[in-house]
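# Fold and geometry: a report
Single-letter residue listing:
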Amino acid sequence: DAGVIQSPRHEVTEMGQEVTLRCKPISGHNSLFWYRQTMMRGLELLIYFNNNVPIDDSGMPEDRFSAKMPNASFSTLKIQPSEPRDSAVYFCASSLLGSGNTIYFGEGSWLTVV
Amino acid sequence: KQEVTQIPAALSVPEGENLVLNCSFTDSAIYNLQWFRQDPGKGLTSLLLIQSSQREQTSGRLNASLDKSSGRSTLYIAASQPGDSATYLCAPIRGAGKSTFGDGTTLTVKP
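Here's what I pulled together on the structure shown here. (Residues numbered from 1 in each chain as written. Chains lettered and ligands numbered in written order. Predicted model: local features only at pLDDT ≥ 70, side-chain atom pairs only at ≥ 80, totals over all residues. Heavy atoms only, no water.)

Here the focus is the packing of aromatic side chains. Using the criterion set out here, one finds 8 aromatic pairs over all chains in the structure. Look at Y35(A) and F105(A): their rings are 5.1 Å apart centre to centre, the planes differ by 35°, and that puts the pair in the tilted class. Taken as a pair, Y35(A) in strand β4 (residues 31-38) and F105(A) in strand β10 (residues 104-105) lie far apart in primary sequence, 70 residues in all. Assigned by exposure class, Y35(A) and F105(A) land together as buried. Aromatic ring contacts, followed pair by pair, group F33(A), Y35(A), Y48(A), F91(A), F105(A), F36(B) and F101(B) into a single cluster. (Phe/Tyr/Trp six-rings, centres within 6.5 Å; stacked < 30°, edge-to-face > 60°. Helix = DSSP H or I, 4+ residues; strand = E, 2+ residues; numbered from the N terminus. Buried < 20%, exposed > 50% of the residue type's maximum accessible area, 1.4 Å probe, protein only.)

And the structure:
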């Protein structure tokens, strides 16, 4: 299996622009997670989905952030409008609920907002 | 709200030493706990998953233990090697896979 695939790997954008991060979970996994990692705050869970349904979005920092999972093989995390403080590494992860919940991470999307 | 603390924050040892990384968490109502490794500029790699019903799990030179009632887990690395240098994170996992991460222990193994 190719693992969790994220795109883009790196993005530099100007403040105010819309940013869309994409994730393809491991085939067959039914849970998907979006995390954000910064030096100041460490690794934070933003939102997670079970069977394509958002279960807990309490970690989403503001209304500027939104996430969707239109089908079992694709999810997006959108920031609109972006701000410099959104600069971070955004990780997507997936797991198979009921199998022990081992979580598999993608390589991350490195976002810089200038 | 789950709080996860990892001690020490950083550790530097000579090659060949055995070492222990500690993880404590405040909410013991977890399904399992996972240890990860993160190399600079990379994602997280799963090392070990301990089910809540287990006391420990082993993989090669790694051994992880879990004491759910006291909210503690340890990761033991035997005969450390320079390739073990990385940041190690623990994550207690609640229902539906919701996890909370510690800040990690950054390990440096000197040749």
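That covers the picture; the talk isn't over yet.
This next bit is on the side chain of S75(A). All names here are of chain A. Inspection of the secondary structure assignment puts S75 in strand β8 (residues 74-79). A distance of 2.8 Å separates a polar side-chain atom of S75 from the backbone oxygen of K68. Leave out the neighbours within four places in its chain, and S75 touches L21, R22, C23, L32, W34, F49, K68 and M69. (Polar contact = N/O pair within 3.5 Å; in protein donor to acceptor, adjacent residues only side chain to side chain. Contact = heavy atoms within 4.5 Å.)

What follows deals with the interface of chain B and chain A. The interface of chain B with chain A comprises 20 residues on the first partner and 22 residues on the second. Here chain B meets chain A over a buried area of about 1600 Å², counting both sides, of which 55% is carbon and sulfur. For the interface between chain B and chain A, the tally reads 0 salt bridges. For the pair chain B and chain A, the number of links is 3 residue pairs in polar contact (both at pLDDT 80 or more). If you list the elements that add at least two residues to the side of chain B that touches chain A, you get β4 (32-38) and β5 (44-51) of chain B. Class assignment for the residues of the side of chain B that touches chain A results in 6 nonpolar, 10 polar and 4 charged. (Buried area = accessible area lost by both parts, 1.4 Å probe. Salt bridge = Lys/Arg side-chain N within 4 Å of Asp/Glu carboxyl O. Nonpolar A, V, L, I, M, F, W, Y, C, P; charged D, E, K, R; others polar.)

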